Structures are given as structure tokens and as C-alpha cells.
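Each chain, written out:
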Amino acid sequence: MTVRALQKISVARNGVGAFVLQCKKMDLHYCDWAGSSKGMNGFIKSLLPKFAAAHPQIEFNVSPRPAKHPVIIAHYINGREKAVCVRNMEPFEILKKAELLRDASGEKLRRVTKPVSSINESVRGIWSPYHGEGMRV
């Protein structure tokens, strides 16, 4: 009897092997004149250079939008976009929003129905010490 290997193509899973950041591009829009862009102007001048240097895999575009509120638009590798309005925010608050967009996956928000999500469902279910008869000492 000869032994033959099963042909199986490996499935790419983010985080196993190499991590790929989901955010590929961020657009930062601001206004030089409006007071609601004061925090965004401070963020661009002081905090953005360090943030951009720490994340070279993300492309940053800074462009003025006269007479409009400041906004950060993140583009993800799955083709989706997320936009966050940052009017009247301080530079460190804007940094937190930029980190939130950086860490997001780009997927739509949806309700979690099961406590554990897995690609390979377990036949037995999730183990708990409260199932069965319990432990005897």
C-alpha cells in the first residue's frame, strides 16, 4: 500500500505567520481659516510626523478643504472607507481617533452572537468547568 499525501492549499489567516495592517491610506482634510480645524492644524504640525514615521506602511494625504469641518478618512485593503469628523477636538483626541481608524479592520460593525468566533467550529463546543457533574475532591 502506497502512502499518498493529501493536497491542501493553505488558507491565509491574518496574524498567523505575518501580520498585514488593514489600513492602507489615511486622508486628513482641514481648513486653515475655520476655528473647528484648530485641533487638526495642531495635530498636523506636532503629532502627525511622529505618527506617520511610526507607521510607514500607511500612506498619509493631507489636503486643505476650505469652509469645511476637518475629517479623517481611512481606506482599507478590503476596499471600504471609514470617515470620522474631528471638529473642535484637541490634537491628542485626534491622535486617538487616528489610532482607532488604524486598528480597525474596515469591516462593517455587526452584533456578536456567539462568544467565540472560529473558522473551524468545534464539535464538542466550548469547555466549561460548570458542565457535567463537576470535580470531586
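Residues numbered from 1 in each chain as written. Predicted model: local features only at pLDDT ≥ 70, side-chain atom pairs only at ≥ 80, totals over all residues. Heavy atoms only, no water.

Using the following cut-off: UniProt positions are given in the numbering used here, feature names are shortened, and annotations may be inferred rather than shown by experiment.
Under an unreviewed UniProt entry, the name given to the chain is Large ribosomal subunit protein mL43, and the source organism is Remersonia thermophila. According to the UniProt record, the Subcellular location (unreviewed entry) comment for the chain reads "Mitochondrion". Annotation of the chain in UniProt includes, under Sequence similarities (unreviewed entry), the sentence "Belongs to the mitochondrion-specific ribosomal protein mL43 family."

**Here we look at the packing of aromatic side chains**
The following threshold applies: Geometry of aromatic contacts follows a simple scheme: Phe, Tyr and Trp rings, the Trp one being its six-membered ring, pair when their centres are within 6.5 Å, and the pair is stacked under 30 degrees between planes, edge-to-face over 60, tilted otherwise. Summary of the burial criterion: residues with accessible area below 20% of their type's maximum are buried, those above 50% are exposed, and those between are partly exposed, where the area comes from a 1.4 Å probe applied to protein chains only.
Taken as a whole, this structure holds one aromatic pair when the rule is applied. Measuring from centroid to centroid gives 5.8 Å for F51 and F60, while their planes differ by 70°, and the two rings are edge-to-face. For F51, a relative accessible area of 6% gives the class buried.

**As for the pattern of salt bridges**
Under the convention used in this document: A side-chain nitrogen of Lys or Arg and a carboxyl oxygen of Asp or Glu constitute a salt bridge if their distance falls within 4 Å.
Overall, the coordinates contain one salt bridge when judged by the stated rule. The closest approach of N and O atoms between R102 and D103, which form a salt bridge, is 2.8 Å. With a relative accessible area of 15%, R102 lands in the buried category. Of the residues examined, D103 reaches a relative accessible area of 55% and is grouped as exposed.

**Quick notes on the pairing of strand 1 (residues 23-30)**
So the rule is basically this: The numbering of helices and of strands both runs from the N terminus, where a helix is a DSSP run of H or I of at least 4 residues and a strand a run of E of at least 2. For two strands to be treated as a pair, DSSP must find no fewer than two bridges joining them.
Counted residue by residue, strand 1 has six buried out of eight residues, so it is predominantly covered. Here strand 1 pairs with strand 3 (residues 71-76) via six bridges, running antiparallel. Note on strand 3: the bridge partner recorded for H29 is V71. One ladder, built from six bridges, connects strand 1 with strand 2 (residues 59-64); its direction is parallel. From the neighbouring strand, Y30 faces strand 2, where its bridge partner is P64.

**Things to note about the environment of H29**
Test applied: We call two residues in contact whenever any of their non-hydrogen atoms come within 4.5 Å of each other. Identification of polar contacts relies on pairs of N or O atoms within 3.5 Å, with a donor-acceptor requirement for protein atoms, meaning one able to donate a hydrogen and the other able to accept it, and with residues adjacent in sequence counted only if both atoms are side-chain atoms.
Mapped onto the fold, H29 is located in strand 1. Other than its neighbours up to four places away in sequence, H29 contacts M40, S63, R65, P70, V71 and I73. Reaching out from H29, the side chain makes a polar contact with the side chain of S63 at a distance of 2.8 Å.

**Observations concerning the sheet that holds strand 1**
Picture the strands of a sheet paired through backbone hydrogen bonds; they go either parallel or antiparallel. To keep it simple, the criterion reads: Comment: axis = line fitted to C-alpha atoms, over the contacting stretch for helices; angle = value between 0 and 180 degrees taken between N-to-C directions.
With mixed pairing, four strands are arranged side by side in an open sheet as 2-1-3-4. Looking at the sheet topology across the chains shown, the edges are occupied by strand 2 and strand 4 (81-85). Ignoring strand direction, the axes of neighbouring strands in this sheet form an average angle of 15°. Packing of helix 1 (residues 38-54) onto the sheet brings it into contact with strand 1, strand 2 and strand 3, and relative to strand 1 it is tilted by some 160°.

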